[in-house]
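Close look at the chain arrangement
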Amino acid sequence: MTYSWLKRARVVISLIFLVAISTLFLDYKRLVPEVWFSPVLSLQFVPSLLKFIHILSLTAFGFIVVIILTVLFGRVYCSTICPLGILQDVVSWISKKFKSREKRRYGYGKPYTILRYTLLVAVLIVLLLGSSWLILILDPYSNFGRILIYFIKPVLVGLNNLGAPVMEKLKIYAVLVPVDLKPIPVAAYIVPVTVLALVVWMSVTKGRLYCNSVCPVGTFLGFISKFAIFKIRLDTNTCTLCRACEFTCKSSCIDLETFEVDYSRCVACFNCVSSCKFDAAGFQAKPLKVKPVTVESASVDTSQTDTGKRRFIAGTIALLLGSAGLAQNIPVRDTTKPVPKNALPTTIPEDKKFPVSPPGSIGLHSFTLHCTACSLCINACPTDVLQPSFLQFGLTGIMQPYMDYHSGFCNYDCKRCGEVCPTGAILPLILEDKKLAQIGKTHFVKDNCIVKTDKTDCGACSEHCPTKAVHMIPYEGTLVIPEVKEEICIGCGACEHACPTTPFKAIYVDGNEIHKIAEKPKEVKAKNPLEKTGDFPF
Amino acid sequence: MKRREFFVKSAGAGLGFTAVMSLGRLPAAFAATPGSAYDMAAVMGGAPDVMFDKAIRAMGGMSAYVKKGQRVVIKPNIGWDVPPDRGANTNPLLVKRIVEHCIQAGAKEVLVFDNTCDTWTKCYKTSGIESYVKKAGGKVVPGNTEGYYQQVTIPQGKRLKNAKVHELVLEADVYIDVPVLKSHDSAKLTISMKNLMGAVWDRRYWHRNDLHQCIADFATFHRKPDLVVVDAYNVMMKNGPRGISKNDIVNMKAQIVTTDMVAADAAAAKMFGVDPASIPYIRLADEAKAGTMDLQSLNISRIKV
């Protein structure tokens, strides 16, 4: 029991990570300051790696730390840092409460070597071909984020909104105030529902099977952890073959028939060392006494799977090359149409050629390449303008957030999405730059405009425009009508959001495929009308 | 929910609880200001809080409007996520001073809200109004979800016959409208009548159904403000209502206090250098007898600090 503290330490650290990361995702009141996001998320492997590739800066060093940790101690990342891994432990732990003693036991199982290496290679190939779509679906951190945003947050906000009227009745207008929850497109639920079902089923029945058969990060770190310095070591002299370690092994990687531990699957949970009453399972740099025969049988086993692995990989490359064609960025027109409310419904459809990606994302290609749709920004955005896409970025960009101007508009003085994004898909901008980042351009459709159709003043668009790119010019009589100065428009969507016409807006933002820099609005000092007299004009 | 239905019915029929309670009040436009010889106080040359002290004294003191144990609702303009020196929102110092006067007059509760254009949490914070109201002992209330708004009818409305009004307004014993004077792209000027667009839910309806007529229509709604305080301290002369920079602002250091929204808007328009009759909604509201834009007919206390 010398090493039983290891398990306790693992549980404590993992819960700290789980709570910290969950807080960032579920902070629907947006109380957590932006500066806390990066420290909490910096060790997430895929986001850190993507950010490193994207900006070629060592500031995104998290994945290197993870590799070093793995070389030293094995897959401690999987057991303490990865939120999806920790979530599986929580699910297994809860499910055990409902199981008989017999059923609670794990046991040795064969590895799904072909499956896991195929998925890893597939992710890498698709990534090299310039798309993040497979990593987007398989990254454990992003999957965890989506589970929180798609399933847990609506429940949390729902509870908040149930409590709010009670508080309101008590005349307390604080703590619980109603929160507007924008519905996520049903089609975007396909991936999160599938992954959640798979993760729950696997963790209930087989512990960490997901991490050892599907997760590309698990497979990659598993490969490294074979060469880790500190490992679980079995002592054949003191072992009584009670199988306590095997029964508690979530990874099914201890084989007491051969006295072999499959280090590629061991997630360093330390259940075995804490369950062993005889200290026959240890966590050490040097091997304990091991029967030589097991080493031989193990090596034979590996070489066999290796050939199978290669054959399978070769066979699937062609398929992947084909499917990578899907990875091309396919802009799709926004088909959401609100119910007509005008006396005279507008007739000219909005002609959007590109979706709008958030400020700091450089352009559509860069954004879709680096975003893993973890959905952190969707919760962090105070205006709810960032919404999960369905087809806006094409099928391969499913769930990646886009600027949905029906839902909200980009706050001029806000740059929170770039500050929280862990992958660098949305890079942080200083406020002055953000205010000039032109993510799209406004188009005015005069024939849809109230001022022309109804001959009444409106101007909601210009009212909301923060740069006055949309401003009012004289029209008929005393009426004024909008005009767009494209060069100072930043594409924030305030005009489109405010425009009251239905079913089609009279003013809308078409995304910039590559973001541009807008000109600064010209400023002239205002004059005081009372300056001359200095007296009341009445 | 029952309370809400009750309001819908009572306000709709004009016979319910609210209507009975408001029978005691004469329409603001025709009511003689209690305890004061003046219909309006106009102040120039001081800080917002100092000017309010002078103005409310001329108008008979806050106790003429707020009685002990009453619930006061203040509707400033908190529409934008913009700091106080940009003049896009009502000056927080003024709102604070009004809250203090109400509490001094014995108000049980002073509540402040707006249905903002930018995200409400950001507006409440950046405008400084949230922290100033709390400091003064008042409360800020969100206006961000439809659940807060109750359907009412506007019998005199020409285009706006129904609206969803924030429940605070309908429940208030005393209702104070505290707009900031600004240029406005669609309404030309935004003052006290336009400010009440932030007390209703569906603004888009107003925009697509003759904005000026809707603003004037809503000014005829029976629950009129009991007091109107126009903040003209930092006045946005152009690029309103949001403004681009401080260059849009003139430090006019003025304030208008009255009980008549139409008169308030007429006076403020003049301060802005615009003929009130050239602003369609002021003229329409005057014609609908929601108040008067004839400043000659009013007894005005002109105060220079």
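Quick caveat: nothing in here was measured; it's all calculated off a predicted structure.

Scanning chain A from N- to C-terminus turns up 22 helices and ten strands. For chain A, buried positions account for 56% of its 538 residues. Put simply, 74% of the contacts in chain A that link residues at least 6 apart link residues at least 24 apart. Carbon and sulfur atoms provide 68% of the accessible area of chain A, an area that totals close to 23500 Å².

One pass over the structure, following the stated rule, counts 17 aromatic pairs over all chains. Judged by centre distance (5.9 Å) and plane angle (45°), the rings of Phe536(A) and Phe538(A) are tilted. In this structure, Phe536(A) and Phe538(A) share a single accessibility class: buried. Look at Trp206(B) and Phe218(B): their rings are 5.5 Å apart centre to centre, the planes differ by 55°, and that puts the pair in the tilted class.

This part is about the packing of helix α4 (residues 92–104) of chain B against helix α6 (residues 129–136) of chain B. Residues and elements named next belong to chain B. Packing of α4 against α6 leaves a shortest axis separation of 8 Å and a crossing angle of 25°. In this view, α4 runs roughly parallel relative to α6, as classed from their interaxial angle. Here the hand of the crossing between α4 and α6 comes out right-handed. Along its contact with α4, which presents Pro 92, Leu 93, Val 95, Lys 96, Val 99, Glu 100 and Ile 103, the element α6 presents Ile 129, Tyr 132, Val 133, Lys 135 and Ala 136. Residues of the contact of α4 with α6, tallied by class, amount to nine nonpolar, no polar and three charged.

Glancing now at a nonpolar patch on the surface. Where nonpolar side chains cluster on the molecular surface, the patch consists of Ile68(A), Val71(A), Leu72(A), Ile229(A) and Phe230(A) and spans about 370 Å² of accessible area. On the secondary structure map, Phe230(A) appears in the loop between α12 (216–225) and β1 (231–234).

Before going further, it helps to examine the packing of helix α11 (residues 261–272) of chain B against helix α12 (residues 280–287) of chain B. Residues and elements named next belong to chain B. With their axes 10 Å apart at the nearest point, α11 and α12 run at an angle of 145° to one another. Every pair of crossing elements has a handedness; the one defined by α11 and α12 is left-handed. Facing Val 262, Asp 265, Ala 266 and Ala 269 of α11, the residues of α12 in contact are Tyr 281, Ile 282, Ala 285 and Asp 286. Broken down by class, the residue content of the contact of α11 with α12 amounts to six nonpolar, no polar and two charged.

Glancing now at unusual backbone geometry. Of all residues except glycine, most have a negative phi; of all peptide bonds, most are trans. Residue Pro503(A) follows Thr502(A) across a cis peptide bond; omega there is 0°. Locating Pro503(A) in the fold gives a position in the loop between α22 (494–498) and β10 (507–517). Cis geometry is adopted by the peptide bond preceding Pro241(B), which originates at Gly240(B) and carries an omega value of 10°. One non-glycine residue, Ala373(A), lies in the positive phi region at around 55°. Mapped onto the elements of the fold, Ala373(A) is located in the loop between α16 (364–370) and α17 (376–380). Ala373(A) gets classed as buried once you look at its relative accessible area, which sits at 0%.

Bringing the pattern of salt bridges into the picture now. Residue and element names in this part refer to chain A. Following the criterion strictly, the structure yields 35 salt bridges over all chains and no others. Here Arg 30 and Asp 384 are joined by a salt bridge, their closest N and O atoms 3.0 Å apart. You can see Arg 30 sitting in the loop between α1 (4–26) and α2 (37–41) and its partner Asp 384 sitting in the loop between α17 and β5 (386–388), a full 354 residues away along the chain. Taking the shortest distance from any N to any O, the salt bridge between Asp 447 and Lys 452 comes out at 2.5 Å. On the basis of relative accessible area, Asp 447 is assigned to the partly exposed category, the value being 41%.

Often, the extent of an interface is quoted as the loss of accessible area on bringing the components together. Residues and elements named next belong to chain A. Split into domains, chain A comes out as domain 1 (4–231) and domain 2 (364–517). Averaged C-alpha coordinates put domain 1 and domain 2 at centres separated by 31 Å. At the junction of the two partners, domain 1 supplies 41 residues and domain 2 supplies 35 residues. In total, about 3100 Å² of surface goes out of reach between domain 1 and domain 2, with carbon and sulfur atoms giving 62% of it. Between the two partners, domain 1 and domain 2, sit two salt bridges. The tally of links between domain 1 and domain 2 comes to 18 residue pairs in polar contact (both at pLDDT 80 or more). Split by residue class, the side of domain 1 that touches domain 2 holds 25 nonpolar, seven polar and nine charged.

Turning our eyes to something else, we now look at the nonpolar core. Of all hydrophobic cores here, the largest spans 109 residues; its most connected members are Met62(B), Ile98(B), Ile176(B), Phe218(B) and Met271(B). If you tally residues by element for this core, the top one is α11(B), at ten residues. Once residues within four sequence positions are removed from consideration, Met62(B) is found in contact with Phe52(B), Ile56(B), Ile98(B), His101(B), Cys102(B), Ala105(B), Ile176(B) and Leu227(B). Of all hydrophobic cores here, the second largest spans 104 residues; its members include Val32(A), Phe393(A), Cys499(A) and Ala518(A).

The next point concerns the pairing of strand β8 (residues 470–474) of chain A. Residue and element names in this part refer to chain A. In the sheet, β8 pairs with strand β9 (residues 480–484) via five bridges, with the strands oriented antiparallel. From the neighbouring strand, Ile 473 faces β9, where its bridge partner is Ile 481. In textbook terms, the turn of a hairpin is the stretch between consecutive antiparallel strands, and for β8 and β9 this stretch comprises five residues, one of which, Gly 477, has a positive phi near 60°.

What makes a disulfide is a covalent bond joining the sulfur atoms belonging to two cysteines. All chains considered together, the criterion is met by zero disulfides over all chains. Cys495(A) carries a free sulfur, and the closest cysteine sulfur to it, the one in Cys489(A), is 6.3 Å from it. Free of any disulfide, Cys117(B) has its nearest neighbouring cysteine sulfur in Cys123(B), separated by 7.5 Å. Looking at Cys117(B), the relative accessible area reads 17%, which means it is buried.

As a further point, take the interface of chain B and chain A. Taken together, the 63 residues of chain B in the interface contact 52 residues of chain A. Interface area for chain B against chain A, summed over the two sides, is near 4800 Å², with a carbon-plus-sulfur share of 55%. At the junction of chain B and chain A, the tally comes to five salt bridges. Lys188(B) is the partner of Asp457(A) in a salt bridge, and the nearest nitrogen-oxygen pair spans 3.8 Å. Where chain B meets chain A, there are 25 residue pairs in polar contact (both at pLDDT 80 or more). Tallied by class, residues from the side of chain B that touches chain A come to 26 nonpolar, 14 polar and 23 charged.

The next subject is the side chain of Ser132(A). Residue and element names in this part refer to chain A. For Ser 132, the location among the structural elements is in the loop between α7 (113–128) and α8 (133–138). The buried category is assigned to Ser 132, whose relative accessible area is 1%. Here the side chain of Ser 132 touches Gln 400 through a polar contact of 3.4 Å, side chain to side chain. Apart from residues lying up to four places away in sequence, Ser 132 is in contact with Leu 127, Thr 368, Leu 369, Cys 371 and Gln 400.

Rules of the game
- Residues numbered from 1 in each chain as written.
- Chains lettered and ligands numbered in written order.
- Predicted model: local features only at pLDDT ≥ 70, side-chain atom pairs only at ≥ 80, totals over all residues.
- Heavy atoms only, no water.
- Helix = DSSP H or I, 4+ residues; strand = E, 2+ residues; numbered from the N terminus.
- Buried < 20%, exposed > 50% of the residue type's maximum accessible area, 1.4 Å probe, protein only.
- Contact = heavy atoms within 4.5 Å.
- Areas by Shrake-Rupley, 256 points an atom, 1.4 Å probe, with all protein chains shown as cover.
- Phe/Tyr/Trp six-rings, centres within 6.5 Å; stacked < 30°, edge-to-face > 60°.
- Axes fitted to C-alpha atoms, helices over the stretch in contact; angles between N-to-C directions.
- Parallel < 35°, antiparallel > 145°, perpendicular 65-115°, else oblique.
- Left-handed = near helix turned anticlockwise from the far one by under 90°.
- Nonpolar A, V, L, I, M, F, W, Y, C, P; charged D, E, K, R; others polar.
- Patch = residues over 30% accessible without salt bridge, like charges linked within 9 Å, V, L, I, M, F, W, Y side chains within 5 Å.
- Salt bridge = Lys/Arg side-chain N within 4 Å of Asp/Glu carboxyl O.
- Domains from an automatic or database assignment.
- Buried area = accessible area lost by both parts, 1.4 Å probe.
- Polar contact = N/O pair within 3.5 Å; in protein donor to acceptor, adjacent residues only side chain to side chain.
- Core = buried A, V, L, I, M, F, W, Y, C linked by side-chain atoms within 4.5 Å.
- Pairing = 2+ DSSP bridges.
- Disulfide = S-S within 2.5 Å.

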